[in-house]
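Fold and geometry: a report
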Amino acid sequence: MLVFTVTSHAQNDWTIQKEKDGIKISSRHSSISPFNDVRVELDLTGNIEQLEDILLDVNKYKEWSYATKISRLVKQLGPGKLIYYTEIEVPWPATNRFFYANFEIKKNPDDKSIQVVAVNLPGYEPIPKDLVQVPLTRGIWNIVTITKKSIHVDYTLELNPGGSLPGWVLNLFATKGPMESFENIKQKMIALNP
């Protein structure tokens, strides 16, 4: 029991890095990557179906997701299941990153919540020329209904960008990237719910 308690506490040891406009960004030491895990929490205007539509439209990720140069659907696997490709721009002199990811929406109609899981697929296709493959990316969106017109999002990201990146570049993706991405999503949801 003591081991479980210690492990459980360590897994939830988040430190708040930034709070702005109702968006809270935290980080914690990762046990599987040199890059810290990131957590974003916020409430959004609108409903789960609207956010689900935004997340399923992978071809438009570059409109809201920080540093996304290219994002495209590779294969539709079924309702709420797909494989997509993304290229991430990183500042010079570093090399752009890419990954293929398996994306799945898991619905819980009982409590009007969904979980979205996107996990990279290393070696899914040949490596594009002049890019570095991201060896690990695992994003989990836990989205719950608060009211008919509002939802709560709890997003966590485990990431290893691969190769060697200077600390200042990694820091862009630790707070600046999540803040910009979720500010953009917030504006999209507000626009859908005038």
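This write-up is about the structure you can find in this document. (Residues numbered from 1 in each chain as written. Predicted model: local features only at pLDDT ≥ 70, side-chain atom pairs only at ≥ 80, totals over all residues. Heavy atoms only, no water.)

**Quick notes on the packing of aromatic side chains**
Applying the stated criterion across every chain yields a total of 11 aromatic pairs. Between Tyr 100 and Tyr 124 the ring centres are 5.3 Å apart and the planes differ by 50°, which places this aromatic pair in the tilted class. With Tyr 100 in strand E6 (residues 97-108) and Tyr 124 in the loop between strand E7 (113-120) and strand E8 (132-133), the pair connects residues that are 24 residues apart, well separated along the chain. Feature note: the residues Tyr 61, Trp 64, Tyr 84, Phe 99 and Phe 103 constitute an aromatic cluster, connected by ring pairs. (Phe/Tyr/Trp six-rings, centres within 6.5 Å; stacked < 30°, edge-to-face > 60°. Helix = DSSP H or I, 4+ residues; strand = E, 2+ residues; numbered from the N terminus.)

**Things to note about the environment of Thr 147**
Mapping Thr 147 onto the fold places it in strand E9 (residues 136-147). Sequence separation between Thr 147 and Asn 47 is 100 residues, and the spatial gap between their C-alpha atoms is 8.4 Å. Side-chain polar atoms of Thr 147 contact the side chain of Ser 150, separated by 2.8 Å. (Polar contact = N/O pair within 3.5 Å; in protein donor to acceptor, adjacent residues only side chain to side chain.)

**Description of the pairing of strand E5 (residues 81-88)**
For E5, a buried count of 7 out of 8 residues is recorded, marking the element as mostly surrounded by other parts of the structure. Sheet topology note: the strand E4 (residues 68-78)/E5 ladder contains 8 bridges and is antiparallel. Looking at the pairing, Gly 78 lines up with Lys 81 of E5. Taking the residues that link successive antiparallel strands as the turn, the E4-E5 hairpin has 2 residues, and the phi of Gly 80 there is positive, at about 70°. Direction of pairing for E5 relative to E6: antiparallel, over a ladder of 8 bridges. When the bridges of E6 are listed, Thr 86 appears paired with Phe 99. (Buried < 20%, exposed > 50% of the residue type's maximum accessible area, 1.4 Å probe, protein only. Pairing = 2+ DSSP bridges.)

**Here's the deal with unusual backbone geometry**
Here Asp 21, not a glycine, exhibits a phi torsion of approximately 50°, which is positive. Along the chain, Asp 21 turns up in the loop between strand E1 (15-20) and strand E2 (23-28). Within the chain, Lys 112 stands out as a residue other than glycine whose phi angle is a positive 55°. Position of Lys 112 relative to the elements: it lies in the loop between E6 and E7.

**Observations concerning the side chain of Asn 120**
By the element assignment, Asn 120 lies in strand E7. A relative accessible area of 7% means that Asn 120 is categorised as buried. Within the local environment of Asn 120, its side chain forms a polar contact with the backbone oxygen of Pro 135, the two atoms lying 3.0 Å apart. With residues near it in sequence (within four places) discarded, Asn 120 still touches Phe 99, Tyr 100, Ala 101, Val 134, Pro 135, Leu 136 and Thr 137. (Contact = heavy atoms within 4.5 Å.)

**A look at the pattern of salt bridges**
Going through the model one piece at a time under the given rule, you end up with 12 salt bridges. Note that Glu 104 and Lys 81 form a salt bridge whose closest N and O atoms lie 3.8 Å from each other. Of this pair, Glu 104 sits in strand E6 while Lys 81 sits in strand E5; the two residues are 23 residues apart in sequence, bridging distant segments of the chain. Assessed through its relative accessible area of 24%, Glu 104 is described here as partly exposed. Lys 81 gets classed as partly exposed once you look at its relative accessible area, which sits at 38%. Three or more residues joined by partner-sharing salt bridges are found here, namely Lys 24, Arg 39, Glu 41 and Asp 154. (Salt bridge = Lys/Arg side-chain N within 4 Å of Asp/Glu carboxyl O.)

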